[in-house]
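# Breakdown of the fold
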Amino acid sequence: MKNLHRPPKAAMLIAQRIVQDIVRGDVSPGDLLPPERVMLEKYETGRGTLREALRLLEFQGAIALKPGPGGGPVLLDPDASHLAGTVVLLMQLKQAPFRTIAEVRSAIEPMISGLAATRIDEASLAGLDDTITQMREHLDDQHVFLEENKRFHDIIAWSSGNPLFGYLADSLLDIMDGTLIGVDYPARRRKAILTAHEHVRDAIKSGDPVESESRMRDHIGEYVRYAERKFPEVLDQIVPWDRVFN
């Protein structure tokens, strides 16, 4: 049988070494990495291979290539958009419907909320309060309301203390509301979401992981039931990669 496990390309090996050196070194987001001439000597490689390695890291959102004098590769603090793009692309290729995303969030967000109840800091609690205030003040503006809804769930995900949960939840937040494929939120539904957020926030603020998990499970469950009642055809649609990430 033919061996399908190909050895890594030279550029990938260089990219991996660059990442290892970043992790070992005192490098922070926003810092410039060494100039090209230094990297060429350090990694003992050609200019084409090094540039391909840097493009690989740029594609993954780990660095930005700053042009001009004094420019070069700049370390970034990667967000979840690259993971989200990959997830949605794979889902489309597998013809996985929107319901798949709802199921994943129903499974992980209650656990995340429970962890956040014991790990969240005061700044993040203040952030939750602010999202609720903004949602209340913009009940008539669905765009702002849903942006604050995303921020609420994002704060909780990163407050779990587990960066993988943060990236997983954050990668799905942009598409979970379903507006890109037809889900709508009338004023009555927005008010229900606001009330649910207040209950989740109160449970997290009290430091009760069991209640926090329960409140989030109720919240996500109600969203799924709402979509099933009002937009059953949407749940069975395949999430379009080109419409979400264009």
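As the structure is a prediction and not an experimental result, all values here were calculated from the model.

Bringing the overall build of the protein into the picture now. From N to C terminus, the protein includes twelve helices and two strands. Along the protein, helices (α) and strands (β) appear in the sequence α-α-α-β-β-α-α-α-α-α-α-α-α-α when read from the amino end. With the C-alpha coordinates aligned to their principal axes, the bounding extent of the protein is approximately 60 × 45 × 40 Å. Taken across its 246 residues, the protein has 40% of its residues classed as buried.

The phi dihedral of glutamate 44 falls on the positive side, at around 50°, and the residue is not glycine. Unusually for a residue other than glycine, glutamine 95 sits at a positive phi of about 55°. The topology assignment puts glutamine 95 in the loop between α4 (81-93) and α5 (98-119).

Before going further, it helps to spend a moment on the nonpolar core. Ranked by size, the top nonpolar core spans 40 residues in total, and within it Phe98, Ile112, Leu128, Ile156, Tyr185 and Ile204 carry the most contacts. Counting only elements with at least two residues in this core, the list comes to α4, α5, α6 (122-137), α7 (142-158), α8 (163-176), α9 (187-205), α10 (209-230) and α11 (232-235).

In this section: the side chain of serine 160. Within the element layout of this structure, serine 160 appears in the loop between α7 and α8. Of the polar contacts made by the side chain of serine 160, one reaches the backbone oxygen of alanine 157; its length is 2.8 Å. At 3.2 Å, the side chain of serine 160 and the backbone nitrogen of asparagine 162 are in polar contact. Apart from residues no more than four positions distant in its own chain, serine 160 is found in contact with Ile112, Leu115, Ala116, Arg119 and Phe165.

With that out of the way, let us pick up the packing of aromatic side chains. Under the definition given, this model contains four aromatic pairs. Ring geometry for tyrosine 226 and phenylalanine 231: centres 6.0 Å apart, planes at 65°, overall edge-to-face. Assessed through its relative accessible area of 14%, phenylalanine 231 is described here as buried. By way of ring pairs, the aromatic residues Tyr185, Tyr223, Tyr226 and Phe231 are connected into one cluster. Sitting above the plane of the tyrosine 226 ring, arginine 189 keeps its charged end 5.1 Å from the centroid.

The rules behind each value
Residues numbered from 1 in each chain as written. Predicted model: local features only at pLDDT ≥ 70, side-chain atom pairs only at ≥ 80, totals over all residues. Heavy atoms only, no water. Helix = DSSP H or I, 4+ residues; strand = E, 2+ residues; numbered from the N terminus. Buried < 20%, exposed > 50% of the residue type's maximum accessible area, 1.4 Å probe, protein only. Core = buried A, V, L, I, M, F, W, Y, C linked by side-chain atoms within 4.5 Å. Polar contact = N/O pair within 3.5 Å; in protein donor to acceptor, adjacent residues only side chain to side chain. Contact = heavy atoms within 4.5 Å. Phe/Tyr/Trp six-rings, centres within 6.5 Å; stacked < 30°, edge-to-face > 60°. Lys NZ or Arg CZ within 6 Å of the ring centre and 35° of its normal.

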